Amino acid sequence: MFFEDIEYVELCVADVSSAAGFYSDRMGFRRVAEGGPETGLVGRRSVLLQQGTLRLLLTQGLTADDGASGFVERHGDGVRDIALRTRDAVGAFGHVTQRGARPLREPVKALDGEGRSMLQATVATVGDLVHSFIQSDAAVGAFLPPGLVPCEAEVPLTPPPFSGLDHLAICLEPGTLDATVRFYQHAFGFHQSHEEVVHTRQSGMNSKVVQSPSTRIILPLQEPLSAENPGQIGEFLRRNGGPGVQHIALLTADIVGVVRELRRHTRFLEIPAPYYERLEARLGALDFDLAPLRELGILVDRDAWGTLLQTFTRSEHPKQTLFFEVIQRQEARGFGGANIRALFEAVERDYARAQA
């Protein structure tokens, strides 16, 4: 099919310098390029960060009518663009728009940050979230968006905390999940790979995961079980001003070491002690030390292929919206289905604490 990988994830931010410092100092990303009006970016300033194969493009609007400024005004800091790598931007654009995607920018030729020819197009998805289509001869992980120039190389942490992106979870309005899944299937050629229904004492959610044929683009989609009791998904929708990316899942090969380091300056969701007391009864005998997982609030699940370890940061944003998942896959292909209720309830407690 048309889409091979995620080229970059663009976050619109109120202060690009402060945001870049957060991701560099706390999360281990390094600056690879930057740009502003002096380099050809009109009305905005951007910094490109990288860690492993994951690239984050941070963009601050400098004028009131810039799209980034409007996004931040409506939603606060958050993900605006999940940019997809394609070998045929014209064909991809025609395919998805003929199947219902709303066009925002038709394919245009440009020069990337290294002066190489490229094609770029953009379509709307849910809410204010968009997908840009990037066609470039540069290798994945080497592409520089137009108007950005390489900056002085920063020395990366050795080893870096994260190897790349696992998935991006998107919250949807009640009753729109199935239509959104069909949209990604019909327009983008993705397939549904997982499904979960979660009930808690207060609320719940429906979740379905769509993936590209390459399996390198993975989007868990989630909606409240009901509009009457929308729970933490509904709270995200209220705070975010509509649908959007709720969390970014970062892959690591050493979740214990990474989380232990991150906890020096990053807050994580609290996991209740009974979760660990029931863990071996649910999963059977564990072939690893449970003590550091309990200490650090790391969740464990198994599927037919292997074991999954995961934990979640608390949101650092003023609106308490976007947060991060740290995930280690030991051959597992799932998303911690047995852990979702624990996560769901932890996020609900976090929202309640923020309102107190």
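For clarity, every value in this text was computed on a predicted model and none was experimentally measured.

So, how was this worked out
- Residues numbered from 1 in each chain as written.
- Predicted model: local features only at pLDDT ≥ 70, side-chain atom pairs only at ≥ 80, totals over all residues.
- Heavy atoms only, no water.
- 1 Å grid on protein atoms, 1.4 Å probe; cavity = no way out; pocket = protein on both sides within 12 Å on 5 of 7 lines; lining within 4 Å.
- Points joined across faces, edges and corners; volume = space filled by probe spheres on them.
- Helix = DSSP H or I, 4+ residues; strand = E, 2+ residues; numbered from the N terminus.
- Nonpolar A, V, L, I, M, F, W, Y, C, P; charged D, E, K, R; others polar.
- pLDDT = per-residue confidence, 0-100.
- Pairing = 2+ DSSP bridges.
- Contact = heavy atoms within 4.5 Å.
- Axes fitted to C-alpha atoms, helices over the stretch in contact; angles between N-to-C directions.
- Core = buried A, V, L, I, M, F, W, Y, C linked by side-chain atoms within 4.5 Å.
- Buried < 20%, exposed > 50% of the residue type's maximum accessible area, 1.4 Å probe, protein only.
- Arc of directions from axis to C-beta.

Next up on the list: the layout of surface pockets. There is about 600 Å³ of room inside the largest pocket. Lining the largest pocket we find 31 residues, and of these Arg44, Arg80, Arg105, Gln120 and Ser132 sit closest to its centre. Listed by contribution, the elements that provide at least two residues to the lining of the largest pocket are β1 (3-12), β3 (44-51), β4 (54-61), α2 (67-75), β5 (78-86), β6 (103-111), β7 (117-124) and β8 (130-136). Per-class residue counts for the lining of the largest pocket are 14 nonpolar, 9 polar and 8 charged.

For the chain, the average pLDDT comes to 90, and 93% of its residues sit at 70 or higher. Mean pLDDT across the secondary structure elements of the chain bottoms out at helix α10 (residues 340-355), with 66, and peaks at helix α4 (residues 177-188), with 98.

Let us look at the sheet that holds β5. The 9 strands are arranged β6-β7-β8-β5-β1-β4-β3-β2-β9 in an open sheet whose pairing can be described as mixed. Of all strands in the sheet, those bounded by a partner on one side alone are β6 and β9 (149-150). Relative to β7, β6 runs antiparallel, the two being bridged by 6 bridges. Residue valine 108 lies in a different strand from β7, and its bridge partner there is glutamine 120. Each of β1, β4 and β5 is contacted by α2, which is oriented at about 130 degrees to β5, the strand it contacts most.

Moving on, we get to empty space enclosed by the protein. To locate leftover empty space, one rolls a probe as large as a water molecule over the atoms. Tallied over the full model, the rule gives 2 cavities of 30 Å³ or more. In this structure, the largest cavity occupies an estimated 100 Å³ of space. Looking at the lining of the largest cavity, its residues break down into 7 nonpolar, 5 polar and 2 charged.

Side chains that are nonpolar tend, in soluble globular proteins, to be buried together. Judged by nonpolar contacts, the single largest core of 72 residues is most densely connected at Tyr23, Phe133 and Phe188. Element by element, the count of residues in this core is highest for α4, at 6 residues. Aside from chain neighbours lying at most four places away, what touches tyrosine 23 is Leu11, Gly28, Phe29, Leu49, Leu56, Leu58, Leu322 and Phe324. Among the nonpolar cores identified, the runner-up in size contains 13 residues, and Val32, Ala138, Phe143 and Leu144 belong to it.

Next up on the list: the pairing of strand β10 (residues 164-171). Taken across its 8 residues, β10 has 8 buried, putting it largely inside the fold. Across 7 bridges, the pairing between β10 and strand β14 (residues 244-251) is antiparallel. Bridge pairing in β14 places leucine 168 opposite isoleucine 248. As paired elements, β10 and strand β13 (residues 218-224) share 2 bridges and run parallel to each other. Bridging across to β13, isoleucine 170 finds its partner in leucine 221.

A few words now on helix α6 (residues 255-262). Residues of α6 that are buried include every one of Ile255, Val258, Val259 and Leu262, and no others. Buried positions in α6, seen along its axis, are confined to an arc of 95 degrees and lie on one side of it. Buried-residue contacts for α6 involve α9 (291-296), β16 (307-312) and β17 (323-330).

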